[in-house]
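# Results of the structural survey
The lines below spell out each chain.
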Amino acid sequence: MSPKLHTHLRARNPLWDFTALIPAKRRQRLLAIQSFQEVIERVVRGTTDFFATEPRGNAQCLGCSRALLRVRVDELTYDAFFNSPIGYRAQYCLSTENGEEQNRRLIAAITPMCLSYSKGKEQNDFLTDKILASLRGIDAKAWIKDSDLPNVNEVHIDYGPWVAKATAVSRGTLTDKAARAKAAVGVLAPLGTHIEIKGAWLTPDGRECRDPSKALRAQEIHDYGYT
């Protein structure tokens, strides 16, 4: 089954609903989105307004750098991207493999606008070819800013697997509690205006260095709704 058809089927049988904390009109808009392709097309209509070369400071991949960009979108597009039951996180819920595939589709779709914005802003050791390589890397990803998360202890997204983990956040081992804390954030439906695009880490000679601390990213989104 093609990814596009797969997401259309899920749109008719949404993965999740929303609690009464989400206003009815917003809920209706989120449930009305038909496919992840629609989400991609909305994001592409945004505007890239930030570019930087981000150096790696941690021991893993030390000395590497990556492209960091932000795409400004309207609040409705942001909501569709992050919170709809056909959006970015939902694609990982279908399966980690599907999430990674749809992530690559999204990054490929916005790469031209990212390259256009970064032109003339490159650093001497991170020119257009490296920006492109970083965006094409296996670990290139899209996400929101952590600062967008509301500081509340609420459930906005009524998705059974995440809610079950979120409500069990105080039980189990320290490892369990740390993992479940992600679910307590995953059931939130934040609003914002920027989607961050983080390229893969590249060595000075342009080879990708995969961050082992992010090896479980896809599984974390699938299991908890946040990473």
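Located above this text is the structure these notes cover.
An account of the accompanying structure is given in this report. Per-chain numbering applies: the sequence of each chain, read as written, is numbered from 1 onward. Side-chain atom pairs in this predicted model are given and counted only at pLDDT of 80 or more, local residue features only at pLDDT of at least 70, and totals for whole chains, interfaces and linings cover all residues. Computation of side-chain values: all heavy atoms of the structure, hydrogens and water removed.

### Details of the packing of aromatic side chains
The condition that has to hold: Note on aromatic pairs: the rings of Phe, Tyr and Trp (six-membered ring only in Trp) are paired at centre separations within 6.5 Å, and the planes decide the class, stacked below 30 degrees, edge-to-face beyond 60, tilted for the rest. Between buried and exposed lies partly exposed: a residue is buried under 20% and exposed over 50% of the maximum accessible area for its type, with that area taken using a 1.4 Å probe on protein chains only. Numbering of helices and strands starts at the N terminus; helices are DSSP runs of H or I of at least 4 residues and strands are runs of E of at least 2.
The tally for this structure, following the rule as stated, stands at 10 aromatic pairs. Centroid distance F81 to Y88: 5.0 Å. Interplanar angle 35°. Geometry classified as tilted. Residue F81 shares its accessibility class with Y88, and that shared class is buried. Both rings, one in F82 and one in Y226, keep their centres 6.4 Å apart while their planes meet at 85°; by these two values the pair is edge-to-face. Pair noted here: F82 is in helix α4 (residues 75-83) and Y226 is in the segment after α10 (217-224), with a separation of 144 residues, a long-range link.

### Description of the state of the cysteines
The following threshold applies: Cysteine sulfur atoms are paired as a disulfide whenever they fall within 2.5 Å.
Scanning all chains against the criterion turns up 1 disulfide. Each sulfur of the disulfide joining C61 and C209 lies 2.1 Å from the other. One disulfide, between C61 and C209, carries an S-S torsion of -85° and so falls in the left-handed class. Here C61, found in the loop between β2 (47-55) and β3 (65-72), pairs with C209, found in the loop between β6 (194-198) and α10; they are 148 residues apart in sequence, far enough to count as distant.

### What to know about the pairing of β6
Regular strands place side chains that alternate from one sheet face to the opposite one. Test applied: Two strands form a pair only when DSSP identifies at least two bridges running between them.
In terms of burial, β6 is a largely internal element, 4 of the 5 residues being buried. Examined bridge by bridge, β3 and β6 share 5 bridges and lie antiparallel to one another. Within the sheet, the bridge partner assigned to L68 lies in β6 and is K198. In this sheet, β6 lies alongside strand β4 (residues 141-143) in antiparallel orientation, the contact comprising 3 bridges. By the bridge assignment, K141 is partnered in β6 with K198.

### Here's the deal with the sheet that holds β2
Under the convention used in this document: Fitted lines through C-alpha atoms serve as axes, helices being fitted only where they are in contact, and the angles separating the N-to-C directions of these axes extend from 0 to 180 degrees. The contact criterion used is simple: two residues touch if any of their non-hydrogen atoms lie within 4.5 Å.
Reading across the sheet, the 4 strands line up as β2-β3-β6-β4 and stay open at both edges, with antiparallel pairing between neighbours. Single-partner strands in this sheet number two, and they are β2 and β4. Direction aside, the axes of adjacent strands within the sheet are offset by 20° on average. Looking at chain direction, β2 and β3 are connected through 8 bridges and run antiparallel. Across the sheet, the residue bridging to F50 is R70, located in β3. Running over the sheet, helix α6 (residues 96-118) touches β2, β3, β4 and β6 and is turned about 95° from β2. Of the strands in this sheet, β2, β3 and β6 are in contact with helix α7 (residues 128-136), which crosses β3 at around 80°.

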